[in-house]
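This is what each chain is made of:
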Amino acid sequence: MTYQETLDWMFQQLPMYQKKGAEALKNKLDNILYFSKVLGNPHEKFKSIHVAGTNGKGSSSHMLASILQEAGYKVGLYTSPHLKDFRERIKINGVPASKEFVVDFIQNHKPFLEQNDLSFFEMTVGMAFDYFVKEEVDIAIIEVGLGGRLDSTNIITPEVSLITNIGLDHTQILGDTLEKISLEKAGIIKRGVPVVISETQPETKGIFKIMAAQKGCKIVFADQLEIENYKTDLLGAYQTKNVRGVVATINELKDFEIKEEHILEGLRNSIGNTGILGRWQVLGENPKIVCDTAHNKEGLEIVLKQIEDFKAQKVHFVLGFVNDKNLAEVLNLFPKHAEYYFVKPNIPRGLEAEELWKMALDFGLKGEIFKTVKNGFEAALEQADQEDFIYVGGSTFVVAEVV
């Protein structure tokens, strides 16, 4: 199989959360443990930092990797979803796994994968862990896919666990309150392994403290520590909280020599070191064009405040969502005095643009319907003056079509 044929097989044959939603989830770790055993238990053969949370886990994972790279270590990085190329999910020192490795891995294990009906995410986790062991990384940063407790990545025993924050996202799977969701995320807390919480929240603080006590591990609330205000090249006001969690995590990491200069340089060079995309990414000037992968209430609140602070003459929103979001609480955040270009991300779970337009009208948001993200984006570029601001977002999959 070619690389493209391999990806087509992975995406089409097997359930994948990003495309299909809740039906793609297996809700148990049996499959990934069995697969890992077949691979020689790679999850037991490399050191790691495990990162969970509703918002900020991707940015935090990339910043951690960047700092460790600056300190001279060979650093694996496993994140999801990808924006442009599947191989963004599996990197070492910012370089994606080769196409040959992906093809060979699937080819070699295809009979097993078919026979045992592994999900897209399970096979990808197995692939990443196998790659990190074969390439002999010093440490890998492993981002949770969804939740924590039953996530396929949750077979590792890390050096440190990081939970960024808790918001109401994927409520149909993880629970409909912050408390229920925090219990799922707290599932990554391991016996004797220090856990860092980036953001103290009254609804979740007690749950994390109880879980840490049960597991006999140190718990650190990063926003309650005296931590210097470091600068990062990842733009977006929300990164301030992420940076604190990242620095606190590095401080808990034992047996790795990380100096102040490594933290400074790592945070300043996160994009160059890791190739992260879509975090308050500036696509153009005059008009200012920004895309961001924020896709839930907590994330969008911060992004919209930042747009407001920009004080543009007029704001143009190219917006699209997936069909399992609670859109009422999200659309309520957007300003009425703005131009809207309603689009559908090009995945099966994408919400029809016409449906989004109808719902937006209920919140006083007026605009036009476009068949594709590209069409909506081009229309916004045509309409916007130099002093205006164009924002592209609502879903990771909308951003993927413009970066």
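1. Quick notes on the overall build of the chain
On a plain count of helices and strands, the chain comes out with 17 helices and 14 strands. For the chain, the C-alpha radius of gyration of 21 Å lies close to 22 Å, the compact-globule estimate for 403 residues. Principal axes of the C-alpha set define a box for the chain whose edges measure 55 × 50 × 40 Å. Sorting the 403 residues of the chain into buried and exposed places 59% on the buried side. Here the chain displays about 16,900 Å² of accessible surface, and carbon together with sulfur accounts for 47% of that area. Taking the average place of the 45 positive charges on the side chains of the chain and the average place of its 56 negative ones, the gap between the two points comes to 3 Å.

2. As for the pattern of salt bridges
Throughout the structure, instances matching the rule amount to 13 salt bridges. One salt bridge connects Glu-252 with Lys-218, and the closest N-O pair in it is separated by 3.0 Å. Residue Glu-252 is located in helix H10 (residues 239-252), and its partner Lys-218 is located in the loop between helix H9 (202-214) and strand S8 (219-221); the two are separated by 34 residues in the primary sequence. Here Lys-218 falls in the partly exposed class, since its relative accessible area comes to 48%.

3. Structural notes on the side chain of Lys-91
Position of Lys-91 among the secondary structure elements: in strand S3 (residues 90-92). One buried charge, Lys-91, has no salt-bridge partner; the nearest side chain with opposite charge is Glu-88, at 6.0 Å. A distance of 2.6 Å separates a polar side-chain atom of Lys-91 from the backbone oxygen of Thr-274. If we ignore the near neighbours within four places in the chain, the residues touching Lys-91 are Val-75, Gly-76, Leu-77, Pro-96, Phe-132, Thr-274, Gly-275 and Ile-276.

4. Brief notes about the sheet that holds strand S2 (residues 75-78)
Taken in spatial order, the eight strands line up as S4-S3-S2-S5-S1-S6-S7-S8 in an open sheet, and their pairing is mixed. A single partner strand is all that each edge strand has here, and the edge strands are strand S4 (95-96) and S8.

5. So, the pairing of strand S1 (residues 48-52)
Put simply, side chains in a regular strand alternate between the two faces of the sheet. In terms of residue burial, S1 counts as a mostly covered element, since five of its five residues are buried. Residues Ser-48, His-50 and Ala-52 line one face of S1 and the alternating positions Ile-49 and Val-51 line the opposite face, and both faces are buried. Note: S1 against strand S5 (residues 139-143), four bridges, orientation parallel. Along S5, the bridge assignment pairs Val-51 with Glu-143. Relative to strand S6 (residues 160-163), S1 is paired through four bridges, and the arrangement is parallel. Following the sheet pairing, Ile-49 is matched in S6 by Val-160.

6. Observations regarding helix H6 (residues 120-134)
When the terminal C-alpha atoms of H6 are compared, their 21 Å separation across 15 residues agrees well with the 21 Å that a helix rising 1.5 Å per residue should span. Among the 15 residues in H6, 13 count as buried, and that is most of the element. Directly after H6, the chain includes Glu-136, whose backbone phi takes a positive value near 55°.

7. Side note on the packing of helix H5 (residues 99-116) against H6
Working note: a packed helix pair is described by the angle between its axes plus the distance between those axes. Relative to each other, H5 and H6 sit at 125°, their axes nearing to 11 Å. By the angle class used here, H5 and H6 are oblique. Considering the relative orientation of H5 and H6, their crossing is right-handed. Where H5 approaches H6, its residues Phe-101, Val-102, Phe-105, Ile-106 and Leu-113 are matched on the opposing element by Met-123, Gly-126, Met-127, Asp-130 and Tyr-131. Tallied by class, residues from the contact of H5 with H6 come to eight nonpolar, one polar and one charged.

8. Quick look at the environment of Thr-79
For Thr-79, the position within the fold is in the loop between S2 and S3. Here Thr-79 falls in the buried class, since its relative accessible area comes to 6%. Each C-alpha atom of the pair Thr-79 and Val-402 lies 20 Å from the other, and the pair is 323 residues apart in sequence. Excluding residues within four positions of it along the chain, Thr-79 makes contact with Ser-61, His-62, Glu-88, Arg-89 and Glu-143.

9. With respect to the sheet that holds strand S10 (residues 288-291)
With respect to topology, six strands assemble into an open sheet ordered S9-S10-S14-S11-S12-S13, the strand pairing being mixed. Of all strands in the sheet, those bounded by a partner on one side alone are strand S9 (281-284) and strand S13 (367-369). On average, adjacent strands in this sheet sit at an angle of 20° to one another, irrespective of strand direction. Here S9 runs beside S10; their pairing, made up of three bridges, is antiparallel. Across the sheet, residue Val-282 finds its bridge partner in S10, namely Val-290. Of the strands in this sheet, S10, strand S11 (315-319) and strand S14 (389-393) touch helix H13 (residues 297-310), which is tilted by about 170° from S14.

10. Remarks on the environment of Met-10
Its location among the elements puts Met-10 in helix H1 (residues 3-13). Ignoring anything within four residues of it in the chain, the contact list for Met-10 reads Phe-86, Ile-106, Phe-120, Met-123, Thr-124 and Met-127.

11. Remarks on the environment of Ala-379
Within the secondary structure, Ala-379 is located in helix H16 (residues 373-383). What makes Ala-379 buried here is its relative accessible area of 16%.

12. Points about H16
Of all the positions in H16, only Val-373, Gly-376, Phe-377, Ala-379 and Ala-380 are classed as buried. Projected down its long axis, H16 shows its buried positions confined to an angular sector of 160°, all on one face. Exposed and facing more than 90 degrees away from the buried side of H16 are Lys-374 and Glu-382. Looking at the packing, one finds that the buried side of H16 touches S10, S11, strand S12 (339-342), S14 and helix H17 (396-399).

Rules used in this analysis
- Residues numbered from 1 in each chain as written.
- Predicted model: local features only at pLDDT ≥ 70, side-chain atom pairs only at ≥ 80, totals over all residues.
- Heavy atoms only, no water.
- Helix = DSSP H or I, 4+ residues; strand = E, 2+ residues; numbered from the N terminus.
- Rg over C-alpha atoms; globule rule 2.2 N^0.38 Å.
- Buried < 20%, exposed > 50% of the residue type's maximum accessible area, 1.4 Å probe, protein only.
- Areas by Shrake-Rupley, 256 points an atom, 1.4 Å probe, with all protein chains shown as cover.
- Lys, Arg positive; Asp, Glu negative; His and termini not counted.
- Charge placed at Lys NZ, Arg CZ, Asp CG, Glu CD.
- Salt bridge = Lys/Arg side-chain N within 4 Å of Asp/Glu carboxyl O.
- Polar contact = N/O pair within 3.5 Å; in protein donor to acceptor, adjacent residues only side chain to side chain.
- Contact = heavy atoms within 4.5 Å.
- Pairing = 2+ DSSP bridges.
- Expected span 1.5 Å × (residues − 1).
- Axes fitted to C-alpha atoms, helices over the stretch in contact; angles between N-to-C directions.
- Parallel < 35°, antiparallel > 145°, perpendicular 65-115°, else oblique.
- Left-handed = near helix turned anticlockwise from the far one by under 90°.
- Nonpolar A, V, L, I, M, F, W, Y, C, P; charged D, E, K, R; others polar.
- Arc of directions from axis to C-beta.

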